Every structure is written in C-alpha cells, then in structure tokens.
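# Structure assessment
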Amino acid sequence: MIRNYIKIAWRNIRKNKGFSLLNMSGLTIGITCFLLLATYIYHESSYERFFSHADRIAYFSLSYKAPNSPEMVSSSTTPTGLQQTLQSDFPEVEQASRLYPYIQGGLVDIGNQSLKENKLIYADKNVFEILDYDFIEGNKKHVLDEPNQIVLTETLAKKYFPNESAINKTLIIDKVNWKVSGVIADMPSNTQFRFSAILSNQGLARYKEASWNSANDITIGLLKTDQSFQSVQLKLDNLVKDKFSESIKQGYEFGFKVEKLSDIHLHSKTAGTGNILYVYILMALGIALIVLTCINFTNLILANAIERKKEIGVKKVLGAGRKTIFFQFLFECSLMILISLIVSLVATWLLLPLFGHFMGVEMQINFWNKPILYIAILAFFIILSLLAGGWPAYSISSSKPISIFRSKLIEKQTGISLSKVLIVFQFCISIFFIICTLFAGQQMKFIQSKNTGLDRSDILVLDGRGWQDKERQLLKDKLIQLNSVKGVTASYDSPVNIQGGYTINEVEGQAPDFSIDVTAIPIEKDFVSVFNIKSIAGSSLSDTDILRASDTVAPENSFIINTLAATAMGWTPKDAIGKKINLNGRKGTVKQVVESFNFKSLHNEITPVVLFPEYGYFGNIFIKLHAGVPTQDALNQIKTIVKEIAPKNNYDYHFLNDDFNQLYLQDQQTTRAMQLFSLITISIACMGLFALSTYTVQQRIKEIGIRKIVGASVIKIVSLLSVDFLRLVVLALAISIPFGWFAMHKWLDNFAYHIELDWWIFILAGGSALLISFLTISYQTVRAAMVNPIDCLRDE
C-alpha cells in the first residue's frame, strides 16, 4: 500500500511539474534559510562548550565604585591576588588560573626579519588543567612550569617550524628566548579566548606579590561541581569585606561576580562579545520563516487541489475512502517535503561558508557524525510533514463529491476563511520584519554619520607596540614633513574604545574623602589637535609638560579632562584650569578642558574621561592624512619611512574607522541578516497571496463571466477582485505596526544615542507591502478579467 502511495505521489509531482517546482522551491528556500539561521544560533550559543568540563569552568569579574561616582563600574579583569585566594581558601575551587595579555611589541625574530605577533598571552602553569585544549605535542601538566616556556597553536608552530617538530625549539620574541614546550590544536571559532601562543608567567615581576590594588588579570577557575557557583558567590561577597575593608570604610564599593564561562559570550555585559538579544531576534526570524514556509506550502496545495477536483471526485464516487484520499495527499506532500529537505541540506552545506562570511563569523558544521543530528532531521521532517501537509490532506479528503463537481472543493466558509487568516498572518510577520529592517538600517546610518566629537576620518593606525620613544619621535618628525600627512600622535588605547578604569581623588576644593571613577588614557602631546577635539578652556600640552611628567624624581603631570569630568568635580571648564588632582597616584594639575566626546560605543552614555601624557607605552600610532592626497600614494610614502627607521617592521596598519565599525559588528550583522531574510519572508508571503488569488479566482470564475456579460469592465473586475486581497494586507499592516513600534522601541533602548521612531518609516513599510501585494495578485486578477465569458460559464 505504501509503495502504491509513493508511486502515485511521484506520478502526480511529475505530472504537475510547474506547480511542484514552485511549491518545492518555496519550501527549499524557507528550509535552507531556517537551517542557516539555526546553525548561526547554535554557533553563538555554543561558545566554550567544547571544553570537557564546560559546565564547571568559572569566570570571575570585578565591579567597583568610588564614593562620589553615580554607579558601579564593571571590569572583566581582577586583581592578581584573587587567583591565589581561590586556590587556597575556596575548597569548591579545584583550580584557578590567570591570563594576562602580552602588551609588548610581540616581534618574533626569524632570519633577517621580524614578524609581529599580536595574539600572545601570559598564563599560570595550571591553565591547561582548566582549559583542556587538544595537545598535539607536549605534556599539558608541565608545559608552563618554568619561565620562558611557550605553547604554540598549530598554525603558529607550522609558520615558524614548517615540516619539523616545534618541541624544544627556540622562539625569539622581543629579544627574549622562549622554549617551545607544547603545541595545541587551533582554536575553534566559538571561543572568546583567541590567542596564537601562551607564555609562562613564571618569573614576571607583577606576580611576585598578591596585589589587590589593581585589576588587570582575567581569572578563571574549575569548580569541583557545577552546583558550586552559588556558594562561591557567597564567599566572594565575604572576601570583598575582608580584602577591601579600609576602602569600604571610606565609601568605596566593590563586588566580585562568578559566572559560567560558557555563559559569558551572550549573557555577560562585562566580558561578553555577543548579545543574547540578537540571538533572540534571529531565532524569531528563523521560526517566522519556517512557519511562513509551511503556510505558503499549505496554501499552494489547497489552490492546486481545485485543478484536481475531477480526479478527487471520481475517486470518491468510485469508492475511495476518506482515509485513502488523506494518505494519498499526505504522501504526496511528504515526498515534496523530503525532496525539498534533501536539497536544503545540500544547499546549507554549500552556502554555509558564504553565509558565515556574510555574518562575519567562521561557522563550521562539525557534528555530521553525531546521531542526534539525524534524529533531529527525522523529527524535523515528520513535524514539517504534519504541519504543512496534514491540513491540506485532511481538507481535501473531507470534501463531499457533490461539492467537488459544483466547483466547491472546500466549503467557502472554512477553506477560504482559513486561507485568509493564514495570509494575514504571513503579512503580519513580513511587514513586522520590514519595519524592523528599515529602522535598523536607519540606526546604522545614524551611527555612521553622528558627530562623536572626535574626527575619525583619514586616520591611519600603526601598531605602536615595540617602538622606542626615540624611534617613535623620529618617525613623527619625518612623517609630518610629508605633504600627505597632516599630523601624528599616539595613545595607549584606541580613542573610539578607551578601556582604562582609573580613580581621581585629592581634588582641590573638595573634601579629603572625595573620589570619583573615570576613564583615562595615556596620550602623546598632540592627541587633541590631531583628532580635532574641541577645546573649551586652557591650552594644549607642550614639550615642557612632557618633560615634567617624565621626571623620575618629582614628576608633575598635566591633565586634560572633558566637561563631564569638570562638572563631576564641581568646576566650570574655566575654573578647572590649574586645579590639582591625583589620578591613581599621578599628581598634577588640569591643563585643558575639552568638549565631551564619545570614546566608546554609542550603546553607552558619555562619561568623565582624563587624558594624560605618559610615554612609557603606546599601543597605537595615529597618522592624520590630508584628504586631497591619494591614499595609496600616502601609504607608500609612510611605508618607506617606517622601513627606513625600523627595517624589520612588517608595517601593519588599518584605518580608525575600521575600529569604530568593529564596535557595531553584531548590530551590522543582525541588520544585514534581517534585510536579507525580510526580503525572503515577503517573497514567501507573496507566494501565498498568489496561491490564494489563484484559488479565489477559480472559485469565482462563473461570477466573473456573468459580470462581464452584463457589462462590467476589465478595470471594474480587477478592482473587485483586488480589493478583497488588499484588505487583508491593510489588516496585517494595522496589526503589525504596534508590534513593530514596540520591538524597535525596546531595541533602540540598547543605544544611548539613537534615531526617533518616525511615522514615515511605518508609511513606507505599509506602502511597500501594499504595492508588492498588488503586483503579486495583478497577474491572476487581470488574467481572469480578460478571459472570454463563454469559457467562464462552460461547465463540463
């Protein structure tokens, strides 16, 4: 019997090639999009879960607040002393380890050249007992036992030691010899720990004592059970009272937080690089797509059933039971779904690299050998068959022979009304995503065009690590002589994403216990002028200020603060000039007050910031190019000078706007995905509308013929048929606008600076939906209006 059903189903699919191809195409597109989105969501939610003890790995963070600051400041790093305390005083913690970025130049000498390696990190010797990476060479328990031992990733090992074992070889980094003690497999894409090598921190001066005065280490731990997080958190709360008791008495607040490492990416505002909101958005988009696909499939099957009315009627008259008709159509639907699913799986596999590039992440399908995948595919096929094929099969098998031969395959009250409900539902979802896409696109344009108070245009960024003061000054002197260069400066962090957390106290004119938290950054003296930051009061830094700050006996600092910092300390910009402050032990006076500028993502409000000259280390060198000079010519001139001063420098550069755009990578990725899949949702909805228009026109074909005979014009008939469909779209528009407004209002709340919800975008979304709908149904309505009335009234 089943074999016979399959034969009949295949014969009918081949017989109705056009319909079958249209239906399976829509189904394939919908399933493929769903699988691509599901793969991305799986990738985002699987961060760090490849570790064997992922459910027991803990991540520790710190929050703090000075007495006069308005709110707590969160930090992804912790004091050096925390790791030792966790190891010795917390029985719930099996292992604890620290990670600390290598902030020097990272210049690797190989032959007669030096190559820059940016992703180097120090770690405690027990780090691999927590992060159990796959070791290709070396014993993970002893690879970092001694100073100057280094563990390479597979890619780095092949880069410097091709075709040979890297074990016990020497790598010279910044003139220091490092012995290769191990090689691990390359990092998967779903991890926040991205490094090319781990260096032993044994022997580092910063770890000789357990300090609690600064926070620069990433601290992780392996708990004995996955139920220990709550008890560890309670002990951390008590630890704060013990270690910071004196500061707490002075009005400071501190707090440690422990989280699962696998939760950090999406759920931690402190250290996460992802956003669970965007995962929810794409999840909703994926579910909407598959639901729309099922609805579209159902509508197309019902519309096609009209064409097969005689076949169904004859079978019923000849004795075919309801069960027989039901399974015939269910098998036919299931066969089309199976073919579409197989094609979709192949398409997903082929399109995944392209989609990963589109989303800005490297995704891999690395679970083909897992039985759960095939169980999920089978369950997906069964559910899809029942959702998309079950209702049409039931409706068709329930039809009465007399209704069939009267061209009423499915009673108007049940079939038509259900189809209309489905169309309204489809367009509600489609219009909702059109609204969201338009607003998201406007917000991205707003971000690009907003004046942040800092000129990012034509700023070339060189890696500043490894440059000595004299070399950097010589570079600056030579560069500013070029006609292509307008200015040169340097700083510790990128000015569009300043991270340094500092505290100001001993403020002149304030009480002795006055203290506020600020963001601060060491800068080169021409920082303000190169970035065209508006000066409000005071004067720029001079060479004398640099000499005073560099004095090793009695340093005297000159500070630049923004207007918010001045206000927080109780001054007007003019009054702030010359006032004395203490910034984390750096004593000096305010030299200049500048306009408050955005130094972080526009997701965040502007806060007090301090710029101060400190030439010990600069991570970035900034070169302001003249706008009228060809970029490539300027790059070639700069490269020549860089190679002249530092012949081994591999001249790594990028533009500051790239750093700015990186802050909104996830926003842009999600917006692009919404734009792409919104087009697909409206296309699928239009396919469903096309099916309903076909279905309705066939149901009213005799009415159309009679109207033409009594004098109705083509335009009149087209209007008559179109209005009913467009009413459905208008209804969908009325339903979707409030949901779209609410969703976008919530999304824009994530940005401290954002666009307004302008009414014209809702009008544009609604107008677009109406126009697309009219164009979709016009083919069937015009065709029906122009048909010969005799053909309409002929009844075989």
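Calculation rules
- Residues numbered from 1 in each chain as written.
- Predicted model: local features only at pLDDT ≥ 70, side-chain atom pairs only at ≥ 80, totals over all residues.
- Heavy atoms only, no water.
- Helix = DSSP H or I, 4+ residues; strand = E, 2+ residues; numbered from the N terminus.
- Buried < 20%, exposed > 50% of the residue type's maximum accessible area, 1.4 Å probe, protein only.
- Contact = heavy atoms within 4.5 Å.
- Areas by Shrake-Rupley, 256 points an atom, 1.4 Å probe, with all protein chains shown as cover.
- Phe/Tyr/Trp six-rings, centres within 6.5 Å; stacked < 30°, edge-to-face > 60°.
- Lys NZ or Arg CZ within 6 Å of the ring centre and 35° of its normal.
- Lys, Arg positive; Asp, Glu negative; His and termini not counted.
- Salt bridge = Lys/Arg side-chain N within 4 Å of Asp/Glu carboxyl O.
- Polar contact = N/O pair within 3.5 Å; in protein donor to acceptor, adjacent residues only side chain to side chain.
- Core = buried A, V, L, I, M, F, W, Y, C linked by side-chain atoms within 4.5 Å.
- Pairing = 2+ DSSP bridges.
- Expected span 1.5 Å × (residues − 1).
- Bend = angle between axes of the 7 residues up to and from the residue.
- pLDDT = per-residue confidence, 0-100.
- Axes fitted to C-alpha atoms, helices over the stretch in contact; angles between N-to-C directions.
- Parallel < 35°, antiparallel > 145°, perpendicular 65-115°, else oblique.
- Left-handed = near helix turned anticlockwise from the far one by under 90°.
- Nonpolar A, V, L, I, M, F, W, Y, C, P; charged D, E, K, R; others polar.

## Re the overall build of the protein chain
Scanning the protein chain from N- to C-terminus turns up 26 helices and 24 strands. Residues counted as buried form 52% of the 796 residues belonging to the protein chain. Contacts in the protein chain between residues at least 24 apart in sequence constitute 81% of all its contacts with a sequence separation of at least 6. Of the accessible surface of the protein chain, which amounts to about 37,000 Å², a share of 57% is contributed by carbon and sulfur atoms.

## What about the packing of aromatic side chains?
Summed over all chains, the structure comprises 27 aromatic pairs. Plain terms: the ring middles of Tyr122 and Trp178 are 6.4 Å apart, the flat faces sit at 55° to each other, and that makes the pair tilted. One end of the pair, Tyr122, is in strand β6 (residues 120-123); the other, Trp178, is in strand β10 (residues 176-184), and 56 residues separate them in sequence. We classify Tyr122 as buried; its relative accessible area is 6%. Judged by its relative accessible area of 6%, Trp178 is buried. Taking the centre distance of 5.2 Å and the plane angle of 75° together, the rings of Trp747 and Phe751 count as edge-to-face. Each member of the pair Trp747 and Phe751 is classed as buried. One cation-aromatic arrangement involves Lys450 over Tyr753; the distance from NZ or CZ to the ring centre is 4.9 Å. A cation over an aromatic ring shows up here: Arg672 above the ring of Phe358, its NZ or CZ 5.5 Å from the ring centre.

## Let's talk about the side chain of Arg456
Summarising the element assignment, Arg456 is placed in the loop between α14 (412-449) and β14 (459-463). Buried charge Arg456 goes without a salt bridge, the closest partner of opposite sign being Asp455 at 7.3 Å. Among the polar contacts made by the side chain of Arg456, one reaches the side chain of Thr452 at a distance of 3.4 Å. A distance of 2.9 Å separates the side chain of Arg456 from the side chain of Asn657, its partner in a polar contact. Residues within four places of Arg456 in sequence aside, it is in contact with Gln448, Lys450, Val496, Leu656, Asn657 and Phe660.

## Notes on the nonpolar core
A general feature of soluble globular proteins is that nonpolar side chains tend to end up buried together. Of all hydrophobic cores here, the largest spans 61 residues; its most connected members are Phe427, Ile431, Phe531, Ile533, Leu611, Leu656 and Trp747. The element that contributes the greatest number of residues to this core is α14, accounting for 12 residues. Formed by 26 residues, the second largest nonpolar core is a distinct cluster that contains Ile57, Tyr133, Phe193 and Leu222.

## As for the pattern of salt bridges
Within this structure, the stated rule accounts for 24 salt bridges. Taking the shortest distance from any N to any O, the salt bridge between Lys525 and Asp543 comes out at 3.8 Å. With Lys525 in the loop between β17 (515-523) and α16 (527-530) and Asp543 in helix α17 (residues 543-550), this pair connects stretches of sequence that are 18 residues apart. Members of the salt-bridge network, linked through shared partners, are Lys476, Glu524, Lys525, Asp526 and Asp543.

## A word on unusual backbone geometry
Of note, Asn168 is a non-glycine position whose phi angle comes to about 70°, a positive value. Relative to the helices and strands, Asn168 is located in the loop between α5 (154-160) and β9 (170-173). A relative accessible area of 52% places Asn168 in the exposed class.

## Points about the pairing of strand β5 (residues 113-116)
In this structure, strand β4 (residues 107-110) lies alongside β5, joined through four bridges in antiparallel fashion. Across the sheet, residue Ile110 finds its bridge partner in β5, namely Gln113. Between β4 and β5, which pair antiparallel and follow one another directly, the connecting turn spans two residues, one of which, Gly111, has a positive phi of 65°.

## Looking at helix α24 (residues 714-748)
Side chains of residues three or four places apart in an α-helix project in the same direction, reflecting 3.6 residues per turn. The end-to-end C-alpha distance of α24, which contains 35 residues, comes to 47 Å, matching closely the 51 Å that a straight helix rising 1.5 Å per residue would cover. Residue Val723 marks the point of greatest curvature in α24, where the axis turns by about 30°.

## Thoughts on the pairing of strand β23 (residues 620-625)
For β23, the tally of buried residues reaches six of six residues, placing the bulk of the element in the interior. In β23, alternate side chains face the same way, and those of Asn620, Phe622 and Lys624 on one face and Ile621, Ile623 and Leu625 on the other are all buried. As paired elements, β14 and β23 share five bridges and run antiparallel to each other. When the bridges of β23 are listed, Leu460 appears paired with Ile623. Direction of pairing for strand β15 (residues 485-491) relative to β23: antiparallel, over a ladder of six bridges. Across the sheet, residue Val488 finds its bridge partner in β23, namely Ile623.

## Here we look at the confidence of the model for the protein chain
Looking at the protein chain, pLDDT values average 85 and 89% of them are 70 or higher. Below a pLDDT of 50 lies the segment residues 409-416, which in the model reaches 19 contacts outside its immediate sequence neighbourhood of four places, other chains included.

## Brief notes about the packing of helix α23 (residues 701-709) against α24
At a minimum axis separation of 10 Å, α23 and α24 run at an interaxial angle of 150°. The orientation of α23 with respect to α24, classified from their angle, is roughly antiparallel. Where α23 crosses over α24, the two elements pack in a sense that is right-handed. Residue-level contacts link Glu703, Ile704, Arg707 and Lys708 of α23 to Ile717, Leu720 and Leu721 of α24. Per-class residue counts for the contact of α23 with α24 are four nonpolar, no polar and three charged.

## Examining the side chain of Ser97
Assignment of secondary structure puts Ser97 in strand β3 (residues 93-101). Side chain to side chain, Ser97 and Asn126 meet in a polar contact 3.3 Å long. Those residues in contact with Ser97, other than ones at most four positions away along the chain, are Gln83, Asp124, Asn126, Val127, Ile130, Ile218, Thr219 and Ile220.

## Looking at the packing of helix α3 (residues 81-89) against helix α6 (residues 229-243)
Running from N to C, α3 and α6 point in directions that differ by 125°, and their axes come no closer than 13 Å. Between α3 and α6, the angle falls in the class oblique. Viewed along their axes, α3 and α6 form a crossing whose handedness is right-handed. Along the contact surface, α3 presents Leu82, Thr85 and Leu86, while α6 presents Leu236, Leu239 and Lys243. Here the residues of the contact of α3 with α6 are counted per class, giving four nonpolar, one polar and one charged.

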